[in-house]
Amino acid sequence: MTPLDIASVRSQFPSMDVRDDGVRRIYLDNPGGTQVCGQAVDAMVSYLRHMNANDGGYFMTSRRTDLLKAEVHNAVADLVGAASGDEILFGQNMTSLTFSLSRSLGRELDPGDEIVVTRMDHDANVSPWLMLADDLRLTVRWIDFDPETSRYDEKSVEEAITERTRIVAVNYASNALGTVNDVADLTARAHAVGAWSYVDSVQFTPHLLTDVQAIGCDFLACSAYKFFGPHQGMVWGRRELLERLVPYKVRPASDDLPWRFETGTMSHEGMAGTLGAIEYLAGLGGEPVAGQNEPVAGPPPTHSVPNPDRRAALVRAFERIEAAEALLCQRLIDGLKSIQGVRLYGPPSSRGRVPTVACTSERLSPAELARGLAEHNIFVWDGDYYAMEVVKRLGLAGSGGMLRVGLAHYNTEADVDTFLDVVEKLCTTG
Ligand SMILES: Cc1ncc(COP(=O)(O)O)c(C=O)c1O
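If you're wondering where the values come from, they're calculated on a predicted model, not measured in any experiment. (Residues numbered from 1 in each chain as written. Predicted model: local features only at pLDDT ≥ 70, side-chain atom pairs only at ≥ 80, totals over all residues.)

Novice: Give a detailed account of the confidence of the model for the protein chain, specifying residues and quantitative values.
Specialist: Per-residue confidence for the protein chain averages 95 on the pLDDT scale, and 96% of its residues sit at or above 70. Contacts from residues 292-297, a stretch scored under 50 in pLDDT, to residues over four places away or in other chains number 15 contacts. (pLDDT = per-residue confidence, 0-100. Contact = placed C-beta atoms within 7 Å.)

Novice: Please provide a residue-by-residue account of the site of the ligand, values included.
Specialist: Among the 13 residues in the neighbourhood of the ligand, the closest are listed as Asn-93, Met-94, Thr-95, His-122 and Asn-175. Of the residues that constitute the shell around the ligand, the class distribution is 4 nonpolar, 8 polar and 1 charged. (Near = placed C-beta within 6 Å. Nonpolar A, V, L, I, M, F, W, Y, C, P; charged D, E, K, R; others polar.)

Novice: Which residues make up the environment of Val-168, and what values do they have?
Specialist: Mapped onto the secondary structure, Val-168 falls in strand β9 (residues 165-171). Between the C-alpha atom of Val-168 and that of Arg-353, which follows or precedes it by 185 residues, the distance is 21 Å. If near-sequence neighbours (up to four positions away) are discounted, Val-168 is found in contact with Val-116, Ile-161, Leu-186, Ala-190, Ala-195 and Ser-197. (Helix = DSSP H or I, 4+ residues; strand = E, 2+ residues; numbered from the N terminus.)

Novice: Requested: an account of the sheet that holds strand β10 (residues 196-200), with residues and values cited.
Specialist: Reading across the sheet, the 7 strands line up as β4-β12-β11-β10-β9-β5-β6 and stay open at both edges, with mixed pairing between neighbours. Of all strands in the sheet, those with a lone pairing partner are β4 (88-91) and β6 (139-143), marking the two edges. Across the sheet, the mean angle from the axis of one strand to that of its neighbour is 20°, orientation sign disregarded. Where β4 lies against strand β12 (residues 233-237), 4 bridges are found, and the strand directions are antiparallel. Within β12, the residue paired with Gly-91 across the bridge is Gly-233. Packed onto the sheet, helix α5 (residues 127-136) meets β5 (114-118), β6 and β9 and runs at close to 155° relative to β5. (Pairing = 2+ DSSP bridges. Axes fitted to C-alpha atoms, helices over the stretch in contact; angles between N-to-C directions.)

Novice: An account of the domain arrangement of the protein chain is needed here, citing residue identities and associated values.
Specialist: Domains assigned within the protein chain are domain 1 (6-36 + 322-429) and domain 2 (40-315). Across the boundary between the two partners, domain 1 contributes 30 residues, which contact 31 residues of domain 2. Sorting the residues of the side of domain 1 that touches domain 2 by element identifies α11 (308-337), β14 (356-361), α13 (388-393) and β17 (402-406) as the ones contributing at least two each. Ranked by residues supplied to the side of domain 1 that touches domain 2, first place goes to α13 with 4 residues. Here the residues of the side of domain 1 that touches domain 2 are counted per class, giving 17 nonpolar, 7 polar and 6 charged. (Domains from an automatic or database assignment.)

Novice: I'd love a proper account of the environment of Asp-21, names of residues and values included.
Specialist: Positionally, Asp-21 belongs in the loop between β1 (19-20) and β2 (23-24). When the C-alpha atoms of Asp-21 and Gly-229 are compared, they prove to be 27 Å apart, with 208 residues separating the residues in sequence.

Novice: Help me get a handle on unusual backbone geometry, residues and values and all.
Specialist: In this structure, Pro-258 follows Leu-257 across a cis peptide bond, with omega equal to 0°. Here Pro-258 is to be found in the loop between α9 (239-244) and α10 (268-283). One non-glycine residue, Phe-228, lies in positive phi territory at about 80°. What makes Phe-228 buried here is the crowd of 28 C-beta atoms within 10 Å. (Buried ≥ 20, exposed ≤ 12 C-beta atoms within 10 Å, placed from the backbone.)

Novice: Describe the sheet that holds β14, and please don't skip the residues or the numbers.
Specialist: One open sheet accounts for 4 strands, arranged β13-β14-β17-β16; its pairing is antiparallel. Only two strands of the sheet have a single partner each, and these edge strands are β13 (342-345) and β16 (381-383). Each strand axis lies, on average, 30° off the axis of its neighbour in the sheet, ignoring direction. Of the strand pairs in this sheet, β16 and β17 are connected by 3 bridges, and their pairing is antiparallel. Bridging across to β17, Gly-383 finds its partner in Met-402. Along the sheet, helix α12 (residues 366-374) contacts β14, β16 and β17; its crossing angle with β16, the most-contacted strand, is approximately 165°.

Novice: Go over the environment of Gly-273 with me, naming the residues and quoting the values.
Specialist: Summarising the element assignment, Gly-273 is placed in helix α10. Taking C-alpha positions, Gly-273 is 9.4 Å from Gly-38, a pair spaced 235 residues apart along the chain. What Gly-273 contacts, discounting residues up to four positions off in sequence, is Ala-40, Ala-43, Met-44, Gly-229 and Pro-230.

Novice: Give me the lowdown on the pairing of β9, citing residues and values where you can.
Specialist: In terms of burial, β9 is a largely internal element, 6 of the 7 residues being buried. The pairing of β5 with β9 spans 3 bridges and is classified as parallel. Following the sheet pairing, Val-116 is matched in β9 by Val-168. On the question of chirality, the crossover connecting β9 to the parallel β10 by way of helix α7 (residues 183-192) is right-handed. (Right-handed = clockwise from strand over helix to strand, strands pointing away.)

Novice: An account of helix α2 (residues 38-51) is requested, with residue identities and associated values reported.
Specialist: Compared with an ideal rise of 1.5 Å per residue, which puts 14 residues at 20 Å, α2 spans 18 Å between its outermost C-alpha atoms and is within 8% of the ideal. Residues of α2 that are buried sit in contact with α3 (60-80) and α10. (Expected span 1.5 Å × (residues − 1).)

Novice: Go over the packing of α3 against α11, please, and point to the residues and values.
Specialist: Put simply, α3 and α11 touch, their axes get as near as 8 Å, and they point 40° apart. In terms of orientation, α3 lies oblique with respect to α11. Note on packing geometry: the crossing formed by α3 with α11 is right-handed. Of α11, the residues touching α3 (which contributes Ala-75, Asp-78 and Leu-79) are Arg-310, Arg-311 and Leu-314. Across the contact of α3 with α11, the residue classes tally to 3 nonpolar, no polar and 3 charged. (Parallel < 35°, antiparallel > 145°, perpendicular 65-115°, else oblique. Left-handed = near helix turned anticlockwise from the far one by under 90°.)

Here's what the structure looks like:
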């Protein structure tokens, strides 16, 4: 495998060389949202300049919009390993989609049924289920994690999933701890009792190859702004379920997949950007990809043809991304471990995780650290980043949570080293 060419990667992000008062930016805020690749930006601008229209008409821009929509559904199918673009639902973001689907799933449930959520999830995969449980008088069971290993606690998994469980909502990669969870195993356990699994892949998909067929889950959600595209969310759903569930939609809207779940007018420019981001990622796979950023007018769109070349390119791209990020992540972890008074959370090495590392300092609060880093134009997040149960479980709720450092494949060793130097100075002299 040829490694990623970091200079070429960085040259594809317009924001990478931006300086503020002559100081370069170090983007370590990636779990909160990555930088947007030029291909995504260009596709959005191009759409708005040349193709802007509502869909479903006979005229050129509308037909091209239809083709774009078909193509981006297929591109997301390639990204997550789905069999068909019409199993992909677009929405404003992962949170809104999850609230909306939880309503439809709720129509299949009866009072007394059980829903399983976890203490490692971002609240976007917790609150929709808690509110559904409240509405329908369902029982909620929680999967806990072990603060020592940052992994789901086996005993609590066994206890939470029962014969009455109907939905198991789990986290693929933690936005706070970086832990990658065995969602295939959790799905198998859900299926063994006749439950559906809803996997939050928002933090996994930007870093590692996503494969819904290998996981075997029923739903998987992600967000384009976490994988180098615009602010937009998408969910893959198992076809039989998407056909069976009742969508919350207006009467004249199409009842076909995927449109029955895509309520109102979508962000077409966002879809153009998401397509651009996926084409960028496929481009990291190193082989030419037969995809199109600007679909031209042609026959009516079909949603059922993902592109095997693009999927193959994405498979290669994620091998490269994974290798590059693992090295950087280990450097970050080793560096943080060597700073006196810094405590790390999450898995102890770069294995079994995404490159998101959380820590606290004995001397400074997470907010003080984040502010100190911002003064050096180093961007990081502090607090709970909506992983409120994680922070509570770790006993950090009253003390400002944790500092979160999140790498992406465009970060460099120099980014990590500069960050570590500043943290060391802040923590030892600060
Ligand atoms: C793990 C995880 N799930 C869900 C979300 C929410 O995603 P969205 O902003 O698309 O609703 C986030 C956002 O940070 C996240 O990190």
